Amino acid sequence: MKLTLKTTVCCCLLSALSLAGPLAGAKESQAARIKASAIQVMMIRAEKLTLPAEFQVSLYEQLINQLQQKGTFSHVYRDGDRNAAIVPDLIALQCTVVSFKQGSETMRQVTTVAGATSITLRCQFRDRGGNSMLERDITGKVRFVGGNLRATYDFAKKAASAAGEKFSAAK
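Residues numbered from 1 in each chain as written. Predicted model: local features only at pLDDT ≥ 70, side-chain atom pairs only at ≥ 80, totals over all residues. Heavy atoms only, no water.

**Q** How should I be thinking about the sheet that holds strand β4 (residues 90-101) in this particular structure?
**A** In space, the five strands of this open sheet follow the order β3-β2-β4-β5-β6, with mixed pairing throughout. Strand pairing shows two members of the sheet lacking a second neighbour, β3 (75-78) and β6 (132-142), which therefore form its edges. Each neighbouring strand pair of the sheet contributes to a mean axis angle of 25°, computed without reference to strand direction. Summarising the sheet, strand β2 (residues 38-41) and β3 pair through four bridges and their orientation is parallel. By the bridge assignment, Val41 is partnered in β3 with Arg78. Against the sheet, helix α2 (residues 53-70) makes contact with β2, β3, β4 and β5 (117-126), and its axis sits at roughly 160° relative to β3, the strand it touches most. The strands touched by helix α4 (residues 150-166) are β4, β5 and β6; relative to β6, the strand with the most contacts, the crossing angle is about 150°. (Pairing = 2+ DSSP bridges. Helix = DSSP H or I, 4+ residues; strand = E, 2+ residues; numbered from the N terminus. Axes fitted to C-alpha atoms, helices over the stretch in contact; angles between N-to-C directions. Contact = heavy atoms within 4.5 Å.)

Right, here's the structure in full:
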């Protein structure tokens, strides 16, 4: 097959354009991120469900830990921390349990199709005025290997990633 100069140039232009689109989108998404230097994580609420205490505590601690590790915010404050009151661009994160299914660690060891633990929380990121900046349902799961509380780690990792997509540290 013989390629002409015209065909070669067209192929090169199409290749360049196909790469330029995703790169331009990446710059736009970074520009659209909201600057915030700190986040305050409110206590996990389970209004309509009974959530075991170990899950509620683990969700809260894992979430704080993952937000600190992600490094999106300069400071991660706990619920009730008075130091958060002086931060002008503070984001408050309120998570509410939407669904919870406690699986069986024994069943997961025996078979890979049963015994999964799943927990879904509605995460609401709000500014000082109470305006919603981001609202998303995030699910944490443990399906194959690990204790039931591993679902809280999975949730926290996903929630920290969601925060990193929407917010960036104010410098």
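**Q** How should I be thinking about the pattern of salt bridges in this particular structure?
**A** Where charged atoms of side chains with opposite charge meet at close range, the side chains can pair. On inspection of all chains with the given rule, the structure shows six salt bridges. One salt bridge connects Arg122 with Asp137, and the closest N-O pair in it is separated by 2.9 Å. In this pair, Arg122 is assigned in strand β5 and Asp137 in strand β6, connecting sequence segments 15 residues apart. Here Asp137 falls in the partly exposed class, since its relative accessible area comes to 40%. One salt bridge in this structure joins Lys158 and Asp154, with 3.2 Å as the shortest N-O distance. With a gap of four residues between them, Lys158 and Asp154 both fall in helix α4, about one helical turn apart. A relative accessible area of 38% means that Lys158 is categorised as partly exposed. For Asp154, a relative accessible area of 22% translates into the label partly exposed. Connected via shared salt-bridge partners are Arg122, Glu135 and Asp137. (Salt bridge = Lys/Arg side-chain N within 4 Å of Asp/Glu carboxyl O. Buried < 20%, exposed > 50% of the residue type's maximum accessible area, 1.4 Å probe, protein only.)

**Q** Please clarify how the side chain of Ser168 should be interpreted in this entry.
**A** Tracing the backbone through its elements, the reader meets Ser168 in strand β7 (residues 167-168). Note on Ser168: relative accessible area 10%, which makes it buried. Excluding residues that lie within four positions of it along the chain, Ser168 makes contacts with Arg33, Ile34, Lys35, Ala36 and Thr72.

**Q** Whenever I open this one, the side chain of Thr117 confuses me. Can you help?
**A** Mapping Thr117 onto the fold places it in strand β5. Here the side chain of Thr117 touches Asn148 through a polar contact of 2.6 Å, side chain to side chain. (Polar contact = N/O pair within 3.5 Å; in protein donor to acceptor, adjacent residues only side chain to side chain.)

Take it as geometry only, folks, not as evidence of what the structure does.
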